[in-house]
Amino acid sequence: MSRDVFVLVEHRQGVIRDITFELLAKGRQLANGYGGSLWAILIGADLEAMAESLRQVVDKAVVVEAPRLCHFHSDYYQQVLATLLQEHRPLFTLMGHTSYGWELAPCLGAALGIPLAPGCIDIWLEGELAVCKRMVYGGKIVGEYSLRPSWGYLVTFPAGTFPAAAPSAQAGLIIRQQPPQLEEIAEKVFVRLMESPAGEVDICQSQKIVAVGRGIREREHLRLAEELAKTIGAVVACSRPIVDAGWLPKDRQVGSSGKTVRPKLYLALGISGDFQHVMGMKGAETIIAINKDPNAPIFSVAHYGVVDDLFKVVPALITTVQGMQAK
Ligand code: FAD
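What comes next is a walk through the structure. Computed from a prediction, not measured in an experiment: that's the story for all the values here.

Conventions adopted
Residues numbered from 1 in each chain as written. Predicted model: local features only at pLDDT ≥ 70, side-chain atom pairs only at ≥ 80, totals over all residues. Heavy atoms only, no water. Helix = DSSP H or I, 4+ residues; strand = E, 2+ residues; numbered from the N terminus. Expected span 1.5 Å × (residues − 1). Pairing = 2+ DSSP bridges. Right-handed = clockwise from strand over helix to strand, strands pointing away. 1 Å grid on protein atoms, 1.4 Å probe; cavity = no way out; pocket = protein on both sides within 12 Å on 5 of 7 lines; lining within 4 Å. Points joined across faces, edges and corners; volume = space filled by probe spheres on them. Nonpolar A, V, L, I, M, F, W, Y, C, P; charged D, E, K, R; others polar. Near = heavy atom within 4 Å. Polar contact = N/O pair within 3.5 Å; in protein donor to acceptor, adjacent residues only side chain to side chain. Areas by Shrake-Rupley, 256 points an atom, 1.4 Å probe, with all protein chains shown as cover. Sits in = over half its atoms within 2 Å of the grid points. Buried < 20%, exposed > 50% of the residue type's maximum accessible area, 1.4 Å probe, protein only. Contact = heavy atoms within 4.5 Å.

### A word on helix 3 (residues 74-88)
And then number 1: Its 15 residues place the ends of helix 3 20 Å apart at the C-alpha level, agreeing with the 21 Å of an ideal helix rising 1.5 Å per residue.
And then number 2: Where helix 3 ends, the next residue or the one after it, R89, has phi of about 50°, a positive value.

Laid out in structure tokens, this is it:
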């Protein structure tokens, strides 16, 4: 039985997405732990530069190029992956719990007749049995599930589950592989890539973030967060309800269906800390939470916590920082 680990590389416009390096970190741990090799599976067109950068992280990078693979298309990807998986029979195949993985993994698992563990936070072997860990009921409970025995398992992990793998002195092998005869899919055709409009700020690039949640209560109160952000040189981000209410644009949302951020400072104002939010910010270097509920789950990831009314604490904080800056 193979102990190899495959990671599907997600890329767009010639750039490998962060989730890939997070999966490669987990893939390396699994491959080393079970005595297999770590493979990156790179599917598309014009892949040379990306293959070179993957060499520094993996044992083998399989490159499958064809004009039809130019843009992500789950059916064509499935045809390529099914061939590769049948040929090499890796123990684990990791994909992002992203639009790539959501579309591709269930169909691939069904086509190959192998189990799929979606949205996991961990996976391991107990004897010959694969066991995975998943958050359920909005992250309130962590469940452990054993998967039925199989030669291989598909696993998807949400963005932000693992720290990204860093390049090393590794000089992995690049294997160029011809795609199988790709059966034309007439009913699903790539039309064009629509980029979401670039926002004024990129919260992923910011070292300091002031994030607001439903505890801010009213749109007008956002001014308070903006003032604090201005005072400490941060940008304003938010939890999902703030975006749903139309108070801030989607590109400010942190979490599993928003952005994953890793700033030096993350100040959470009136955010409960539900699993979906925490997925996007738990990698911050320092997390400070202000919440009037001492049992709010945000305090379990915060390094510093203030249990109080944010409308009392934030103005005091602004005054204190401004006073220090004036000296
Ligand atoms: P709440 O949970 O309502 O928390 C508000 C907090 O403010 C409470 O803890 C309260 O104690 C505190 N508070 C109230 N008043 C004050 C005050 N005056 N001073 C101090 N504290 C106060 N959420 C995300 O954020 N990002 C995502 O990407 C995301 N994706 C999701 C994807 C799916 C599929 C689903 C189902 C949900 C997703 N969610 C996401 C929603 C998530 O489950 C939570 O509902 C959301 O994060 C809660 O936002 P919140 O903490 O702002 O609000």
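### Focus on the pairing of strand 5 (residues 60-65)
And then number 1: Across six bridges, strand 4 (residues 38-44) lies against strand 5 in parallel orientation. Each bridged residue has a counterpart across the sheet, and for L42 the counterpart in strand 5 is V63.
And then number 2: With helix 2 (residues 48-55) bridging strand 4 and the parallel strand 5, this β-α-β connection has right-handed handedness.
And then number 3: Of the strand pairs in this sheet, strand 5 and strand 12 (residues 173-176) are connected by four bridges, and their pairing is parallel. Within the sheet, the bridge partner assigned to K60 lies in strand 12 and is L173.

### With respect to the layout of surface pockets
And then number 1: Space inside the second largest pocket adds up to approximately 360 Å³.
And then number 2: S239, R240, P241, D274 and H277 are, among the 17 residues lining the second largest pocket, the residues nearest its centre.
And then number 3: Counting residues per element, the ones that place at least two in the lining of the second largest pocket are helix 6 (240-244) and helix 7 (275-278).
And then number 4: Class assignment of the residues belonging to the lining of the second largest pocket gives a composition of three nonpolar, eleven polar and three charged.

### A few points about the site of the ligand
And then number 1: Residues in close proximity to the ligand total 25 residues, the closest being S239, Q253, S257, S272 and N291.
And then number 2: S272 is positioned with one of its side-chain polar atoms (N or O) 2.7 Å from an oxygen atom of the ligand.
And then number 3: Contact between the ligand and D309: a nitrogen atom at 3.0 Å from a side-chain N or O atom of the residue.
And then number 4: Taken by itself the ligand offers 990 Å² of open surface, and the protein chains cover 77% of this.
And then number 5: A molecule is said to occupy a pocket when more than half its atoms come within 2 Å of that pocket's grid points, and by this definition the ligand occupies the second largest pocket.
And then number 6: Elements with a contribution of two residues or more to the shell around the ligand: helix 6, helix 7 and helix 8 (310-326).
And then number 7: In terms of residue class, the shell around the ligand is made up of five nonpolar, 13 polar and seven charged.

### So, the side chain of Q253
And then number 1: Within the secondary structure layout, Q253 lies in the loop between helix 6 and strand 15 (265-269).
And then number 2: Classification of Q253 by relative accessible area gives buried; the value is 2%.
And then number 3: In terms of polar contacts, Q253 uses its side chain to reach the side chain of S257, at 3.1 Å.
And then number 4: Leave out the neighbours within four places in its chain, and Q253 touches I203, C238, S239, R240, V243, G258 and K259.

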